[in-house]
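Next come the chains, spelled out residue by residue.
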Amino acid sequence: MHPLAARTRRHFFRDCGVGLAPIAAGLLARADRPAAAAPVLPPRPATAKRVIYLFQAGAPSQLELFDYKPALAKRAGSPMPKSVTDGLRLAFIQPDAAVLEPQFPFARHGESGIELSSALPHLAQVADDIAVVKTVHTDQFNHAPAQLLMNTGHNLPGRPSMGSWLSYGLGSEADDLPAFVVLSSGGNLSGGAAMWGAGVLPGSHQGVPFRSSGDPILHVARPPGVDRRAQRESLDLIGELNRRHRQEVGDPEIDVRIDAYEMAFRMQSAAPELTDLSGETQETMDLYGADPGDGSKQFANNCLLARRMAERGVRCIQVYHEGWDHHSDVKGGVTTQAKKTDQASAALVADLKRRGLLEDTLVIWGGEFGRTPMVETSAALGRVAGRDHHPGCASIWLAGGGIKPGLTYGETDELGFSIVKDPVGVHDLHATLLHCLGLDHERLAVNAGGLNVRLTGVEPAHVVHGLLA
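All values reported here derive from a predicted model rather than from experimental measurement.

Undergrad: How do you make sense of the side chain of H430 when you look at a structure like this?
TA: Along the chain, H430 falls in helix α14 (residues 426-436). Polar side-chain contacts of H430 include one of 2.8 Å to the backbone oxygen of M150. Here H430 is in contact with L149, M150, G153, L455 and T456, once residues within four sequence places are set aside.

Structure below.
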C-alpha cells in the first residue's frame with residue numbers, strides 16, 4: 001500500500017478528535033467521505049431538522065427595531081454619562097457623542113406583548129411565534145471579522161461555517177440538492193465567501209451559492225449537444241479514473257471531487273425545478289411580496305426559495321441581505337431595509353407554520369453587532385443622524401425548531417448601552433442552535449494542526465436553556 005494512503009487513515013483516526021466510540025454512535029459519521037450520504041441521526045433528541053438563517057449584514061439598529069429606550073429621548077442631544085463610556089473604543093465616533101433618541105414609535109403585539117417598532121408591521125403579525133433576544137454581544141466591532149465570527153465562530157477566514165458543521169454532523173436529507181445552500185441580496189458582504197466555507201472540513205460541506213434568477217448555479221447545465229446518457233457515461237468514466245487515482249495517492253479530496261460531479265448531475269433537474277416559482281399560488285406570492293422578474297424583490301424571492309428548500313430537505317439555508325450599515329440617516333436607512341425584508345421575513349414564519357414545517361425548522365434573523373445610542377455625525381464624511389457600531393449589545397429574533405415562542409429574552413440598561421440581564425455571547429448562540437439540532441457543541445469537533453476546532457471555539461460556551469420551549 002502507498003505510504004501516503006496509510007498515513008491518511010491514521011490521520012483520520014488521530015485528527016477527528018473524538019475516538020471510535022462516538023464515530024460508531026454516529027456523532028461525526030461520514031468524516032472520511034463526502035456529504036451525499038443519507039442523513040445521520042443526531043446523538044440526542046433534536047427539536048429542529050434544519051436551519052434558515054436570515055443574516056442582515058451591516059448590523060440593524062436594535063434601538064430602532066426591537067429595544068425601545070424612552071430614556072434616550074429625555075437625554076437627546078446630551079452626552080452619555082462618563083460612567084457609562086469611560087475607556088470606550090468605538091469605530092467612528094467619540095465616547096462623548098450626543099445621545100440620539102429612538103427614531104420610531106414602538107407598540108406591544110400579540111398575546112405575548114412583544115414590543116416592536118412601527119418599522120416592522122409584518123413581523124408584528126407573527127409576534128407570538130418568535131422570540132426576541134435583546135442581549136447578543138460580541139468582541140468584534142468591524143464588519144468583516146464580526147460577520148465571520150457570527151457565521152463561523154472565529155473572526156478570521158478559514159474556519160468551517162455553521163452550515164458546514166451541520167452538513168458534516170448531520171448529513172443531508174436531500175438526494176439531489178446540497179446540504180448547505182447560500183442565497184444573497186442587497187450587495188457585497190464584508191465577510192465574503194469565507195462565511196459559508198468549509199474550512200478544515202472536507203470541501204463537500206461548503207455552502208453552494210444559488211442565484212435567484214437565470215441558471216440557479218453557473219456551469220451546472222448540460223452543454224449543448226450532450227444528452228443525459230452521454231453525460232452519464234462520461235461521468236462514470238471520470239469517476240472510475242478518479243477512484244483509481246485515489247487508490248494510488250491516498251488524497252481524500254478526490255472523493256470530494258467525485259461527489260461534486262455526481263451532485264452537479266443530480267442538480268441539473270432538481271435546481272431548475274426548485275427555483276421555478278410558477279407553481280406557487282398567487283396568494284403565496286403576495287404573502288411574501290415575491291416577484292421573480294423584479295430585482296428589488298430579491299430578498300422576498302430568496303425567502304420563498306428558502307421555504308421550498310426546507311421542504312426538499314436542505315439542511316441549512318443561509319439567506320444573506322446586505323444594507324443595514326447606517327452611519328448616517330438611520331431612520332431613512334432602517335425604513336428602506338425594513339420595507340425590503342420585513343414582509344418576507346414574517347411571511348416565511350407564517351408559511352412554514354401553516355405547512356407544518358416551523359416546528360422542526362429553526363429560523364434566525366439578525367446581524368453581526370448592534371448600534372450605539374449615541375449619534376454619528378460627520379461633516380467631512382457627510383454623515384448626519386446615524387449610529388456607530390456597538391458590539392456591546394444587539395437584538396435578534398428566532399422562531400420554530402424548539403425555541404419558546406412569544407418570548408422576550410434578556411435586558412439592557414435604560415440607555416440601551418450595556419446588558420444588565422441574561423447576556424448571550426455569539427458562541428452561546430451557536431451552542432444553542434446546535435443543541436436544537438441534537439448536536440453537542442463540545443463534541444462536534446475536528447483536530448487540525450493540533451487545535452481542537454469547534455464552531456464554539458475553545459473558550460466556555462453554554463446552551464441558553466431560557467430560549468428553549
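Undergrad: Sorry, what's going on with the packing of helix α12 (residues 298-311) against helix α13 (residues 330-354) here?
TA: Think of two packed helices as two axes; the pair is described by the angle between the axes and how far apart they sit. Two numbers describe how α12 lies on α13: the axes approach to 8 Å, and their chain directions differ by 15°. In terms of orientation, α12 lies roughly parallel with respect to α13. In the packing of α12 onto α13, the handedness of the crossing is right-handed. Of the residues in α13, those in contact with F299, A300, C303 and R307 of α12 are K340, T341, A344, S345, L348, D351 and L352. Class assignment of the residues belonging to the contact of α12 with α13 gives a composition of six nonpolar, two polar and three charged.

Undergrad: Quick question: what am I supposed to make of the pairing of strand β7 (residues 316-322) here?
TA: Each regular strand displays side chains that alternate between the two surfaces of the sheet. Burial within β7 is extensive, with six of its seven residues counted as buried. Pairing of strand β1 (residues 50-57) with β7 involves seven bridges; the strand directions are parallel. Within the sheet, the bridge partner assigned to A57 lies in β7 and is E322. Across six bridges, the pairing between strand β5 (residues 180-185) and β7 is parallel. Within β7, the residue paired with S184 across the bridge is Y320.

Undergrad: Is there a simple way to think about helix α8 (residues 162-170) in this case?
TA: A large share of α8 lies buried, amounting to nine of its nine residues. All of the buried residues in α8 are M162, G163, S164, W165, L166, S167, Y168, G169 and L170. Two residues or fewer past α8, G171 is found with a positive phi of approximately 75°.

Cut-offs and rules
- Residues numbered from 1 in each chain as written.
- Predicted model: local features only at pLDDT ≥ 70, side-chain atom pairs only at ≥ 80, totals over all residues.
- Heavy atoms only, no water.
- Helix = DSSP H or I, 4+ residues; strand = E, 2+ residues; numbered from the N terminus.
- Polar contact = N/O pair within 3.5 Å; in protein donor to acceptor, adjacent residues only side chain to side chain.
- Contact = heavy atoms within 4.5 Å.
- Axes fitted to C-alpha atoms, helices over the stretch in contact; angles between N-to-C directions.
- Parallel < 35°, antiparallel > 145°, perpendicular 65-115°, else oblique.
- Left-handed = near helix turned anticlockwise from the far one by under 90°.
- Nonpolar A, V, L, I, M, F, W, Y, C, P; charged D, E, K, R; others polar.
- Buried < 20%, exposed > 50% of the residue type's maximum accessible area, 1.4 Å probe, protein only.
- Pairing = 2+ DSSP bridges.

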